[in-house]
Amino acid sequence: MRTKKVKQAFEAIHQSNLIMTTPQIIRSEQPMVLEVGSGKGKFITELAKLHPDLHYIAFEKDINVCYRILEKQEALLLPNLTIVQDDANALLSYFEPKSVSKIYLNFSDPWPKKRHHKRRLTAETYLKMYETILVDEGELEFRSDFEPLYTDSLEYLMTSRFEVYWANTQCEAREAVSEYEEKKRKESPIYGFKAKLK
Ligand SMILES: C[S@@+](CC[C@H](N)C(=O)[O-])C[C@H]1O[C@@H](n2cnc3c(N)ncnc32)[C@H](O)[C@@H]1O
(Lines give C-alpha, C1' and ligand atoms only; values in the text may rest on other atoms or scores of the structure.)
Protein backbone atom coordinates (compact mmCIF):
# COMPACT_ATOMS: atom_id res chain seq x y z
CA MET A 1 0.00 0.00 0.00
CA ARG A 2 1.31 3.48 -0.85
CA THR A 3 1.22 5.85 2.07
CA LYS A 4 1.40 9.62 2.28
CA LYS A 5 4.41 10.83 4.26
CA VAL A 6 3.36 12.72 7.33
CA LYS A 7 6.13 15.17 8.20
CA GLN A 8 5.51 15.21 11.91
CA ALA A 9 4.79 11.46 12.22
CA PHE A 10 8.20 10.34 13.45
CA GLU A 11 8.45 12.99 16.13
CA ALA A 12 4.82 12.63 17.25
CA ILE A 13 5.01 8.85 17.52
CA HIS A 14 8.28 8.82 19.39
CA GLN A 15 7.14 11.53 21.80
CA SER A 16 3.84 9.82 22.48
CA ASN A 17 3.84 7.31 25.29
CA LEU A 18 0.62 5.94 23.86
CA ILE A 19 2.24 4.13 20.95
CA MET A 20 4.71 1.32 21.53
CA THR A 21 7.63 1.41 19.14
CA THR A 22 10.06 -0.92 20.88
CA PRO A 23 9.39 -4.53 21.86
CA GLN A 24 7.92 -5.10 25.27
CA ILE A 25 5.58 -7.89 26.33
CA ILE A 26 1.93 -6.78 26.34
CA ARG A 27 -0.22 -8.25 29.10
CA SER A 28 -3.81 -7.64 30.14
CA GLU A 29 -6.29 -8.95 32.66
CA GLN A 30 -8.82 -8.85 29.83
CA PRO A 31 -8.78 -11.24 26.84
CA MET A 32 -6.50 -9.71 24.18
CA VAL A 33 -7.62 -9.19 20.59
CA LEU A 34 -5.06 -8.20 17.95
CA GLU A 35 -5.41 -6.65 14.51
CA VAL A 36 -2.28 -7.13 12.41
CA GLY A 37 -1.91 -4.44 9.75
CA SER A 38 -4.51 -2.24 11.41
CA GLY A 39 -4.05 0.69 9.01
CA LYS A 40 -5.56 3.92 10.28
CA GLY A 41 -7.29 2.08 13.11
CA LYS A 42 -11.00 2.66 12.49
CA PHE A 43 -12.00 -1.01 12.85
CA ILE A 44 -10.14 -1.68 16.08
CA THR A 45 -11.07 1.66 17.65
CA GLU A 46 -14.74 0.95 17.01
CA LEU A 47 -14.41 -2.54 18.51
CA ALA A 48 -12.61 -1.18 21.58
CA LYS A 49 -15.48 1.25 22.17
CA LEU A 50 -18.08 -1.52 21.76
CA HIS A 51 -16.32 -4.05 24.01
CA PRO A 52 -14.70 -2.44 27.05
CA ASP A 53 -14.30 -5.93 28.55
CA LEU A 54 -11.70 -6.88 25.91
CA HIS A 55 -8.23 -5.43 25.34
CA TYR A 56 -7.46 -4.52 21.72
CA ILE A 57 -4.05 -4.15 20.12
CA ALA A 58 -3.55 -2.33 16.82
CA PHE A 59 -0.32 -3.55 15.19
CA GLU A 60 0.79 -1.43 12.24
CA LYS A 61 4.26 -1.20 10.70
CA ASP A 62 3.92 2.02 8.73
CA ILE A 63 4.79 5.07 10.81
CA ASN A 64 2.76 7.44 8.63
CA VAL A 65 -0.33 5.25 8.80
CA CYS A 66 0.16 4.78 12.54
CA TYR A 67 0.21 8.52 12.94
CA ARG A 68 -3.38 8.56 11.65
CA ILE A 69 -4.39 6.42 14.64
CA LEU A 70 -2.64 8.91 16.90
CA GLU A 71 -4.74 11.66 15.33
CA LYS A 72 -7.90 9.86 16.44
CA GLN A 73 -7.98 11.49 19.85
CA GLU A 74 -10.82 9.22 20.94
CA ALA A 75 -8.61 6.18 20.28
CA LEU A 76 -6.01 7.55 22.66
CA LEU A 77 -8.53 7.91 25.43
CA LEU A 78 -9.58 4.27 25.29
CA PRO A 79 -7.97 2.40 28.20
CA ASN A 80 -8.50 -0.92 26.41
CA LEU A 81 -6.58 -0.05 23.23
CA THR A 82 -2.83 -0.43 22.74
CA ILE A 83 -1.17 0.79 19.55
CA VAL A 84 2.07 -0.77 18.35
CA GLN A 85 4.15 0.63 15.50
CA ASP A 86 6.25 -2.29 14.36
CA ASP A 87 6.45 -5.04 11.77
CA ALA A 88 4.43 -8.20 12.34
CA ASN A 89 7.63 -10.22 12.06
CA ALA A 90 8.35 -8.96 15.61
CA LEU A 91 5.07 -10.30 17.07
CA LEU A 92 6.83 -12.81 19.32
CA SER A 93 8.63 -9.96 21.07
CA TYR A 94 5.30 -8.43 22.09
CA PHE A 95 3.19 -11.45 22.98
CA GLU A 96 3.79 -14.43 25.20
CA PRO A 97 2.75 -17.87 23.93
CA LYS A 98 -0.98 -18.51 24.30
CA SER A 99 -1.82 -14.95 25.34
CA VAL A 100 -4.02 -13.66 22.49
CA SER A 101 -7.66 -14.74 22.05
CA LYS A 102 -8.27 -13.56 18.53
CA ILE A 103 -6.40 -12.12 15.54
CA TYR A 104 -8.01 -10.04 12.80
CA LEU A 105 -6.49 -9.61 9.35
CA ASN A 106 -8.46 -6.99 7.47
CA PHE A 107 -7.65 -6.20 3.84
CA SER A 108 -4.04 -7.24 4.21
CA ASP A 109 -1.67 -6.17 1.45
CA PRO A 110 -2.34 -8.61 -1.46
CA TRP A 111 1.25 -9.06 -2.73
CA PRO A 112 0.02 -10.52 -6.07
CA LYS A 113 3.48 -11.45 -7.44
CA LYS A 114 4.51 -14.98 -6.59
CA ARG A 115 7.97 -13.93 -5.43
CA HIS A 116 6.28 -11.65 -2.84
CA HIS A 117 3.81 -14.22 -1.48
CA LYS A 118 6.03 -14.82 1.55
CA ARG A 119 5.28 -11.23 2.64
CA ARG A 120 1.56 -11.94 2.88
CA LEU A 121 0.25 -11.83 6.43
CA THR A 122 -1.19 -15.32 5.91
CA ALA A 123 2.14 -16.78 4.72
CA GLU A 124 3.52 -19.73 6.67
CA THR A 125 5.97 -17.69 8.81
CA TYR A 126 3.15 -15.47 10.06
CA LEU A 127 0.74 -18.37 10.59
CA LYS A 128 3.37 -20.03 12.79
CA MET A 129 3.62 -16.88 14.94
CA TYR A 130 -0.17 -16.68 15.22
CA GLU A 131 -0.21 -20.35 16.27
CA THR A 132 2.28 -19.55 19.02
CA ILE A 133 0.63 -16.47 20.50
CA LEU A 134 -3.01 -17.60 20.26
CA VAL A 135 -4.66 -19.36 23.18
CA ASP A 136 -6.01 -22.90 22.67
CA GLU A 137 -8.90 -22.64 20.22
CA GLY A 138 -7.89 -19.04 19.52
CA GLU A 139 -9.35 -17.52 16.37
CA LEU A 140 -8.10 -15.99 13.16
CA GLU A 141 -10.57 -13.86 11.19
CA PHE A 142 -9.76 -12.66 7.68
CA ARG A 143 -11.37 -10.24 5.23
CA SER A 144 -10.24 -9.12 1.77
CA ASP A 145 -11.53 -7.81 -1.54
CA PHE A 146 -8.73 -9.66 -3.38
CA GLU A 147 -9.99 -13.13 -4.26
CA PRO A 148 -6.56 -14.71 -4.96
CA LEU A 149 -5.38 -13.75 -1.48
CA TYR A 150 -8.50 -15.34 -0.02
CA THR A 151 -8.16 -18.61 -1.97
CA ASP A 152 -4.40 -18.84 -1.46
CA SER A 153 -4.78 -18.12 2.26
CA LEU A 154 -7.32 -20.94 2.62
CA GLU A 155 -4.70 -23.17 1.01
CA TYR A 156 -1.93 -21.97 3.35
CA LEU A 157 -4.17 -22.81 6.30
CA MET A 158 -4.45 -26.43 5.16
CA THR A 159 -0.87 -27.12 6.25
CA SER A 160 -1.25 -25.19 9.52
CA ARG A 161 -2.83 -25.91 12.91
CA PHE A 162 -5.83 -23.79 11.94
CA GLU A 163 -9.18 -25.29 11.05
CA VAL A 164 -11.46 -23.14 8.90
CA TYR A 165 -15.02 -23.29 10.26
CA TRP A 166 -16.57 -20.51 8.20
CA ALA A 167 -15.79 -19.11 4.75
CA ASN A 168 -17.80 -16.74 2.61
CA THR A 169 -17.42 -14.98 -0.74
CA GLN A 170 -20.11 -12.37 0.00
CA CYS A 171 -19.40 -11.25 3.56
CA GLU A 172 -21.85 -8.92 5.24
CA ALA A 173 -20.55 -5.92 7.16
CA ARG A 174 -19.69 -6.61 10.81
CA GLU A 175 -20.29 -4.45 13.85
CA ALA A 176 -17.14 -2.48 12.98
CA VAL A 177 -15.92 -1.57 9.50
CA SER A 178 -12.33 -0.73 8.55
CA GLU A 179 -11.31 2.16 6.30
CA TYR A 180 -10.52 -0.27 3.46
CA GLU A 181 -13.72 -2.24 3.86
CA GLU A 182 -15.75 0.95 3.68
CA LYS A 183 -14.13 1.79 0.35
CA LYS A 184 -13.83 -1.68 -1.22
CA ARG A 185 -17.35 -2.83 -0.35
CA LYS A 186 -18.70 -0.43 -3.00
CA GLU A 187 -16.53 -2.00 -5.70
CA SER A 188 -16.17 -5.70 -4.99
CA PRO A 189 -17.50 -8.71 -3.10
CA ILE A 190 -15.83 -9.17 0.27
CA TYR A 191 -14.18 -12.53 0.89
CA GLY A 192 -13.65 -13.82 4.39
CA PHE A 193 -13.02 -16.75 6.65
CA LYS A 194 -12.82 -17.64 10.31
CA ALA A 195 -10.46 -20.32 11.57
CA LYS A 196 -9.78 -21.84 14.97
CA LEU A 197 -6.62 -23.41 16.34
CA LYS A 198 -6.96 -27.20 16.36
C1 LIG B 1 -4.32 -2.42 2.80
S2 LIG B 1 -4.01 -1.82 4.38
C3 LIG B 1 -5.45 -2.27 5.31
C4 LIG B 1 -5.57 -1.50 6.59
C5 LIG B 1 -6.76 -1.85 7.50
N6 LIG B 1 -6.64 -3.20 8.03
C7 LIG B 1 -8.08 -1.68 6.80
O8 LIG B 1 -8.76 -2.68 6.55
O9 LIG B 1 -8.44 -0.52 6.52
C10 LIG B 1 -2.82 -2.99 4.99
C11 LIG B 1 -2.04 -2.45 6.17
O12 LIG B 1 -1.24 -3.51 6.69
C13 LIG B 1 0.02 -2.97 7.07
N14 LIG B 1 1.00 -4.06 7.05
C15 LIG B 1 1.38 -4.79 5.98
N16 LIG B 1 2.33 -5.68 6.32
C17 LIG B 1 2.54 -5.51 7.66
C18 LIG B 1 3.42 -6.12 8.58
N19 LIG B 1 4.27 -7.07 8.19
N20 LIG B 1 3.38 -5.71 9.87
C21 LIG B 1 2.51 -4.73 10.26
N22 LIG B 1 1.67 -4.10 9.41
C23 LIG B 1 1.68 -4.48 8.13
C24 LIG B 1 0.29 -1.91 6.01
O25 LIG B 1 1.25 -0.96 6.44
C26 LIG B 1 -1.10 -1.31 5.82
O27 LIG B 1 -1.33 -0.22 6.67
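Residues numbered from 1 in each chain as written. Predicted model: local features only at pLDDT ≥ 70, side-chain atom pairs only at ≥ 80, totals over all residues. Heavy atoms only, no water.

A.B. asks: Please explain the sheet that holds strand S5 (residues 100-106) as it appears in this structure.
C.D. replies: Strand-to-strand pairing in sheets goes through backbone hydrogen bonds, with the strands running parallel or antiparallel. Taking strand neighbours across the sheet as the criterion, the eight strands line up as S1-S4-S3-S2-S5-S6-S8-S7 in an open arrangement whose pairing is mixed. Looking at which strands have only one partner, the edges of the open sheet turn out to be strand S1 (19-20) and strand S7 (162-168). Bridge count for S1 against strand S4 (residues 81-85) is two bridges, and the pairing is parallel. When the sheet's bridge partners are listed, isoleucine 19 is paired in S4 with isoleucine 83. Each of strand S2 (32-36), strand S3 (55-60), S4 and S5 touches helix H2 (residues 42-50); the most contacted strand, S3, lies at about 170° to it. On top of the sheet, helix H3 (residues 63-71) reaches S1, S3 and S4; it is set at about 160° to S4, its chief contact. (Pairing = 2+ DSSP bridges. Helix = DSSP H or I, 4+ residues; strand = E, 2+ residues; numbered from the N terminus. Contact = heavy atoms within 4.5 Å. Axes fitted to C-alpha atoms, helices over the stretch in contact; angles between N-to-C directions.)

A.B. asks: Would you explain the UniProt feature "binding site: substrate" (unreviewed entry) in the protein in this entry?
C.D. replies: With numbering aligned to this structure, UniProt lists the feature "binding site: substrate" (unreviewed entry) at Lys113 and Asp145. Structurally, the position occupied by lysine 113 is in the loop between S5 and helix H5 (124-133). Lysine 113 gets classed as partly exposed once you look at its relative accessible area, which sits at 46%. Tracing the backbone shows aspartate 145 in the loop between strand S6 (134-144) and helix H6 (147-158). Those residues within four positions of aspartate 145 in sequence are excluded, and the remaining contacts are Phe107, Lys184, Ser188, Pro189, Ile190 and Tyr191. (UniProt positions renumbered as here; feature names shortened; annotations may be inferred. Buried < 20%, exposed > 50% of the residue type's maximum accessible area, 1.4 Å probe, protein only.)

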